[in-house]
Amino acid sequence: MTLGLRPLTAAVALCALLSFPITRAADAVSLLPKGATVSMSSGALQLTLVRSNVLRVHFLPGGHATAPALVMSPRAPRAARGPVRVQQRGHELVLASRTLRVTFDTRTDALAVYRAGAAQPILTQRDLAGLAQRTFALRFAPRTAALYGVHGFDAFQAARAGLLRSGRQRATAGEQGDAGAPLVWSSAGFALLVDSQKTLFDLTPGRVRVLRQTRTDPDYYLILGAPQQIFAALDDLTGHAPLFPKWSFGFINSQWGINEGELLRIVRRYRALHIPLDAFSLDFDWKAWGENNYGEFRWNTRKFPDAPSGKLDRELTALGVHLIGIMKPRIHVNTVEGQYATAHHLWMPGEKASLDYFSHKPVKTLDFDQAATRRWFFNPTLRQSFRTGIVGWWNDEADETGDDTQFFNMERALYDGQRKYFKQRVWSLNRNFWLGAQRYAYGLWSGDIRSGFASMAAQRQRMLSAIDVGEMWWGMDGGGFHLHPSAENYARWIEFDAFAPICRVHGSYLQRRQPWIYGQTAARAATAALDLRYRLMPYIYSYAWQDHVSGVGLVRPLLFSWPHDPHVRNDAQAWLFGQWLLVSPVVHRHQRTKRLYLPPGTWTNFFTGQVYHGGTTVTLTLDAKTWADIPLFIRQGAIIPTQPLMQYVGEHPVTTLTVEVFPAQHPTHFDYYDDNGETYAYQHGQYFLQRIGTERRAGLVQLTLGVVRGRYTPALRRYLFVLHRVQGHTVELNGQVLPRLANPAALSRCAHACWARGHKAATALTYIALPAGKPYRVRIDEALH
């Protein structure tokens, strides 16, 4: 050989050219209950199963670890709860749980991750000793697997990529409605979460490369499972979202340019017109912006003279309306509060004072990454504003520093402060998102978007992309922030808004977004959509609970439930609203028909009752004159609790819950959840949770109610089940035949448990009234004896 290399170096070069592994001495291994530590020449490698479907890989150069990044929850699991098998067989290290199996070759430093029982790995990584360079690559199978995550889109970006991610992708929080996470996941059943701040990925067929991350000791998590299992694991790793107050799931009217008199007139008109409303969000107007003595944190008494005394709050409370106030990350320099910030070094490093665009006075930005800033921000003045009515936080413009955690920590300051001093739940809306922020009651809105159909249509990708990086509570400036929507655009936008996680309207200075502004036709369509959202409130709130416990919220991309259907891998036209409703809002002007792909299964049009068989594209006729139709479909197997229409959440106690049931040929269930909707008592067992299940088999329908969990006693006294396409002949409750009444109306007089038959159009219905809060097994026999 004449390569001009020493014999050993030549051998290494030849092996590299031929892609042969080099046989060398095996690494030393220390076995642990849930993993192992491998000693390498360049550092120590820790492999740990922190969950049955999650492998943590942590490389410590020189054996030294740095602190986790803010993305990780302080309560992230450190070891799997279930049994883990850890063993070494020669040069092979094996970790195994009921979900996955990991092998590590101590001679080649190669890692492979398998689904339990699988012969071929789903993820592989070569030469983990190379982690000393702080970069790494994962290979996955199949090579054609779709990849998601990393980032969303800001208000001004073209969202042409939709939900899929490929090529070089930078994970940052971004600005103007963007969302980011050091996360790549696939509908093929795997995910990579990097414990890092800004992270640069290169995504190519069959390979995920991490080109840049912020830790000197690379630390990352490999997750296996279907999308919902992946997000459940992410929730454990990065933190569970606390429940928002129940009122925040209603309709929120936001406005810039308003005073106390106009606010009260608007709210009273909502009530007079019977249009639901739960909250009003105030821009700069609410605060004494630019004034000395903590003007950024207190009421503007010229515009809201009755607010500091609490009188305005009492009037609005009587009308069922809560107030949300805008918050900014900057304060005025030449004020008492500015002097405090200077003396205590609370400013963003290196920033010079500039003139505020609203007050035209010098301001500087606070540095919320400092714990001292966060402790000070929820100061006595702001606490008094909370006491007198500002019970929600609309955080704005903290995305202009380029710091991924500035917005995160601004809301963290408000969350920690409110939790310290008050019992009420925290609610916030913010203009960017970084994974982990959900721990602090963190909602996202899509930035300063324009009016118009094209802008409205583009919100679909923004919403679903934000959900794909872990932000389940997303909203937008319904109607658009800039410009003025047409009547049709407004009506269709509210119909979209009614099926978004956060339902809200807003416009630029002096723009009004109340339904009646846009004429009778638009107002009728908008009101009907809001009415439907309010009837679905028990369904909506139950999915808020699901997000809290399992990381998957109210809105889900279709690929969450059909990960292997190629038709939905990049589908932003429709989404699931909860597990059982599919919605595809109309987003084009004068649209008369719509082609819509329905995934496999049986689907029922929510409004007409027409049945469709999925796995195909259907053509729908739309109402281009009244704009009153919403393409909304019920999935077979659905269990959907509804309540009577209210003008605001909690207007009346819900004593009867109507539960719409569409039994399937396989078991399905719904976990109905309720609590007081206001405090964190649910974290201490004060909640009501009951599982409702159903199944249809050969002329027999079963309905089951499980044992109630939790110690909260709601106002609920009975369930009224409506079983669709079920013609009951006899109904048994726990083996006892129930009395049949003449018609569904007679069930209102039923003292205990009764049933009746009815019809809607040509659809047979069986109605069953049962006392709530007890376990039952109901048998509906459709066969004549």
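About the thresholds
Residues numbered from 1 in each chain as written. Predicted model: local features only at pLDDT ≥ 70, side-chain atom pairs only at ≥ 80, totals over all residues. Heavy atoms only, no water. Helix = DSSP H or I, 4+ residues; strand = E, 2+ residues; numbered from the N terminus. Rg over C-alpha atoms; globule rule 2.2 N^0.38 Å. Buried < 20%, exposed > 50% of the residue type's maximum accessible area, 1.4 Å probe, protein only. Contact = heavy atoms within 4.5 Å. Areas by Shrake-Rupley, 256 points an atom, 1.4 Å probe, with all protein chains shown as cover. Lys, Arg positive; Asp, Glu negative; His and termini not counted. Charge placed at Lys NZ, Arg CZ, Asp CG, Glu CD. Phe/Tyr/Trp six-rings, centres within 6.5 Å; stacked < 30°, edge-to-face > 60°. Lys NZ or Arg CZ within 6 Å of the ring centre and 35° of its normal. Core = buried A, V, L, I, M, F, W, Y, C linked by side-chain atoms within 4.5 Å. Polar contact = N/O pair within 3.5 Å; in protein donor to acceptor, adjacent residues only side chain to side chain. Pairing = 2+ DSSP bridges. Axes fitted to C-alpha atoms, helices over the stretch in contact; angles between N-to-C directions. Expected span 1.5 Å × (residues − 1). Salt bridge = Lys/Arg side-chain N within 4 Å of Asp/Glu carboxyl O.

## Describing the overall build of the protein
1) Next: From N to C terminus, the protein includes 12 helices and 48 strands.
2) Next: Expected size for 785 residues packed as a compact globule is a radius of gyration near 28 Å; at 28 Å, the protein falls within 12% of this value.
3) Next: Taken over the C-alpha atoms alone, the protein extends approximately 95 × 85 × 50 Å along its principal axes.
4) Next: Classification of the 785 residues of the protein by burial places 61% in the buried group.
5) Next: Contacts spanning at least 24 positions in sequence make up 70% of the contacts within the protein whose residues lie at least 6 apart.
6) Next: Surface summary for the protein: the accessible area is close to 30100 Å², and the carbon and sulfur share equals 53%.
7) Next: If you average the places of the 87 positive and of the 60 negative side-chain charges in the protein, the two averages end up 4 Å apart.

## Topic: the packing of aromatic side chains
1) Next: A complete count under the given rule lists 55 aromatic pairs for this structure.
2) Next: Consider the rings of Trp286 and Trp299, whose centres lie 5.3 Å apart with planes at 80°: the pair is edge-to-face. Of this pair, Trp286 sits in the loop between strand 19 (279–282) and helix 4 (311–318) while Trp299 is found in the loop between strand 19 and helix 4, placing the two residues 13 residues apart along the sequence.
3) Next: Ring-pair connections join several aromatic residues into one group, and the members of that group are Phe244, Trp247, Phe249, Trp427, Trp473, Tyr541, Trp545, Tyr673 and Tyr687.
4) Next: Geometry around Trp394 places Arg504 over its ring, the cationic atom sitting 5.3 Å from the centre.

## Quick notes on the nonpolar core
1) Next: Ranked by internal contacts, the top residues of the largest apolar core, which has 241 residues, are Tyr719 and Phe721.
2) Next: Among residues more than four places away in sequence, those in contact with Phe721 are Val659, Val661, Ile692, Leu703, Leu705, Thr766, Tyr767, Ile768 and Leu770.
3) Next: Counting residues in hydrophobic clusters, the runner-up holds nine residues, among them Val722, Cys750, Cys754 and Leu765.

## Here's the deal with the environment of Trp286
1) Next: Assessed through its relative accessible area of 0%, Trp286 is described here as buried.
2) Next: Residues Trp286 and Thr301 lie 15 residues apart in sequence; the distance between their C-alpha atoms is 8.5 Å.
3) Next: Within polar-contact distance, the side chain of Trp286 engages the backbone oxygen of Ile326 at 3.0 Å.

## Section: the sheet that holds strand 24 (residues 390–395)
1) Next: Spatially, the eight strands line up as an open sheet ordered 28-27-25-24-20-19-18-29, and their pairing is parallel. Every other strand in the sheet has two partners, leaving strand 28 (474–475) and strand 29 (503–505) as the edge strands with one partner each.
2) Next: Looking at chain direction, strand 27 (residues 443–445) and strand 28 are connected through two bridges and run parallel. Residue pairing across strands places Leu444 opposite Trp474, the latter belonging to strand 28.
3) Next: Most of the contacts of helix 3 (residues 260–273) go to strand 18 (residues 251–255), to which it runs at about 150°, and overall it touches strand 18, strand 19 and strand 20 (322–327).
4) Next: Relative to the sheet, helix 8 (residues 406–421) contacts strand 20, strand 24 and strand 25 (428–430), its axis offset from that of strand 24 by approximately 170°.

## Thoughts on helix 9 (residues 453–468)
1) Next: Between its first and last C-alpha, helix 9 extends 24 Å over 16 residues, near the 22 Å set by a 1.5 Å rise per residue.
2) Next: Of all 16 residues in helix 9, 14 are buried; the element is thus mostly enclosed.
3) Next: Gly470 lies just past helix 9 and shows a positive phi near 105°.

## Structural notes on the side chain of Asp497
1) Next: Residue position: Asp497 is located in helix 10 (residues 487–497).
2) Next: No salt bridge is formed by the buried Asp497; the nearest opposite charge belongs to Arg533, separated by 6.9 Å.
3) Next: Within polar-contact distance, the side chain of Asp497 engages the backbone nitrogen of Arg504 at 3.3 Å.
4) Next: Excluding its chain neighbours within four sequence positions, the residues that come into contact with Asp497 are Met476, Gly478, Ile502, Cys503, Arg504, Val505 and Arg533.

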